[in-house]
Amino acid sequence: MAATTAYRPDPSPIPGDVWLMHATANTLFVVAGLALVALALNVMMRLPAFALKAIRVEGEVTRNSVSTIRANAAPQLAGNFFTTDLQSNKRAFESVPWVRQAVVRRVWPNRLAVHLEEHRPAAVWSGREGAADKLVNSFGEVFEANLGDVEDDSLPALSGPEGSSAHMLSMLSQLGRLFEPLDAQVVALSLSGRGSWRAELDTGAQIEFGRGSDDEVLARTERFVATVTQVSSRYQRPLEYADLRHNDGYAVRLKGITTVIPKANDQKN
């Protein structure tokens, strides 16, 4: 005997305006719910429990006390745990003297933790004429600080165009190694706007390197260091001045004596 199945006609489709009204109502309910959640979160975020109440300072604090760092940076901090701008806070801590870099993070529920890196002075920087001296750190960056806070009073002096400090610090290091055989140190290095190098040694001697690429300047210096002792020992006079800008050698001035040293191949002729 065959099975029979009851027939049920499909329900009538919902009219378009009714469907639209239901969809609109559902959307409004969702929007209202999200608005209530946002309002609740906003109210919660502004509760006194989340106001910033403590700042933990970590890292290098040899140049400033923790209390000094807080006193300088805290007035620039705004907002609470949720709303404070970490980038603005970073800039506030980096505006404190001697602070090179600051990393700021939130610590639940109402604190900030700050890790500091301080500048390590490598040279004194003299920029535009008449401008106050600044310092150059070990990364070649110029920064402002009280020069009286520097314990090392033998820092070399750099003077050059704006933006050249890192390049000059690198050249200072390379030239310093080249002058070691003469038992001399570079105490001042300058770079003119036209790219001409000049140095002063701790012996008081002035050295004109002239212009050229770093390799060219270093090659001229290496040649000079390798031969100048022959001249100074011959005349038994200390070096006062050397001009390495000559294509066929270099000129030196000793105590009351001036001479020109030709190239090695010229000496053989």
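One can find the structure itself at the top, above this paragraph.
Residues numbered from 1 in each chain as written. Predicted model: local features only at pLDDT ≥ 70, side-chain atom pairs only at ≥ 80, totals over all residues. Heavy atoms only, no water.

S.K.: Would you mind showing me how to read the overall build of the chain here?
M.R.: Within the chain one finds six helices and 13 strands. Contacts spanning at least 24 positions in sequence make up 45% of the contacts within the chain whose residues lie at least 6 apart. For the chain, the accessible surface area stands at approximately 17,000 Å², while carbon and sulfur atoms represent 54% of it. (Helix = DSSP H or I, 4+ residues; strand = E, 2+ residues; numbered from the N terminus. Contact = heavy atoms within 4.5 Å. Areas by Shrake-Rupley, 256 points an atom, 1.4 Å probe, with all protein chains shown as cover.)

S.K.: Just to check I follow, could you spell out the side chain of Thr84 for this structure?
M.R.: Take Thr84: it is sitting in the loop between α2 (66-73) and α3 (86-94). Owing to a relative accessible area of 3%, Thr84 belongs among the buried residues under this scheme. When residues no more than four places from it in sequence are discounted, the contact partners of Thr84 are Leu52, Ala78, Gly79, Asn89, Arg106 and Leu112. (Buried < 20%, exposed > 50% of the residue type's maximum accessible area, 1.4 Å probe, protein only.)

S.K.: Before we go on, may I ask you to explain the packing of aromatic side chains in this structure?
M.R.: Between two aromatic rings, the relevant description is the distance of the centres plus the angle of the planes. This structure, assessed with the given rule, holds six aromatic pairs. Arranged with centres 5.3 Å apart and planes meeting at 90 degrees, the rings of Phe81 and Phe82 form a pair that is edge-to-face. With relative accessibility at 8%, the residue Phe81 sits in the buried group. Feature note: the residues Phe81, Phe82 and Trp108 constitute an aromatic cluster, connected by ring pairs. The ring of Trp98 is capped by Arg63, whose NZ or CZ atom sits 4.1 Å from the centre of that ring. (Phe/Tyr/Trp six-rings, centres within 6.5 Å; stacked < 30°, edge-to-face > 60°. Lys NZ or Arg CZ within 6 Å of the ring centre and 35° of its normal.)

S.K.: How do you make sense of helix α5 (residues 214-235) when you look at a structure like this?
M.R.: Note: α-helices contain 3.6 residues per turn, so residues at a spacing of three or four share the same orientation. In a regular helix each residue adds 1.5 Å, so 22 residues correspond to 32 Å; α5 covers 31 Å between its end C-alpha atoms and thus fits that length. Its axis deflected by about 40 degrees at Thr227, α5 carries its strongest bend there. Within α5 the residues assigned to the buried category are Val217, Leu218, Arg220, Thr221, Phe224, Val225, Val228 and Val231. One or two positions beyond α5, positive phi appears at Gln236, with a value near 55 degrees. (Expected span 1.5 Å × (residues − 1). Bend = angle between axes of the 7 residues up to and from the residue.)

S.K.: Even after reading the chapter, I still don't get the pairing of strand β3 (residues 111-118), so can you show me in this structure?
M.R.: Where burial is concerned, most of β3 is hidden: six out of the eight residues are buried. For strand β1 (residues 54-59) and β3, the ladder comprises six bridges, and the chain directions are parallel. Its bridge partner being in β3, Gly59 is matched across the sheet by Leu116. Pairing of strand β2 (residues 99-107) with β3, which is carried by eight bridges, proceeds in the antiparallel orientation. Bridged to Val99 within β3 is Glu118. Hairpin connection, β2 to β3: the antiparallel pair is bridged by three residues. (Pairing = 2+ DSSP bridges.)

S.K.: Would you explain helix α4 (residues 165-178) in this entry?
M.R.: Here α4 is 14 residues long and its end C-alpha atoms lie 20 Å apart, about the 20 Å a rise of 1.5 Å per residue gives. All buried positions along α4 are accounted for by Ser165, Met168, Leu169, Met171, Leu172, Leu175, Gly176 and Leu178.

S.K.: Even after reading the chapter, I still don't get the pattern of salt bridges, so can you show me in this structure?
M.R.: Pairs may arise between side chains of opposite charge once their charged atoms sit close together. The final tally for this structure, using the stated rule, is ten salt bridges. Among the salt bridges present, the one from Glu58 reaches Arg56, with a minimum N-O distance of 2.9 Å. Using a relative accessible area of 27% as the deciding quantity, one classes Glu58 as partly exposed. Residue Arg100 is joined to Glu117 by a salt bridge in which the shortest nitrogen-to-oxygen separation is 3.0 Å. In this pair, Arg100 is assigned in strand β2 and Glu117 in strand β3, connecting sequence segments 17 residues apart. Where salt bridges share partners, they join Arg100, Glu117 and Glu141 into one cluster. (Salt bridge = Lys/Arg side-chain N within 4 Å of Asp/Glu carboxyl O.)

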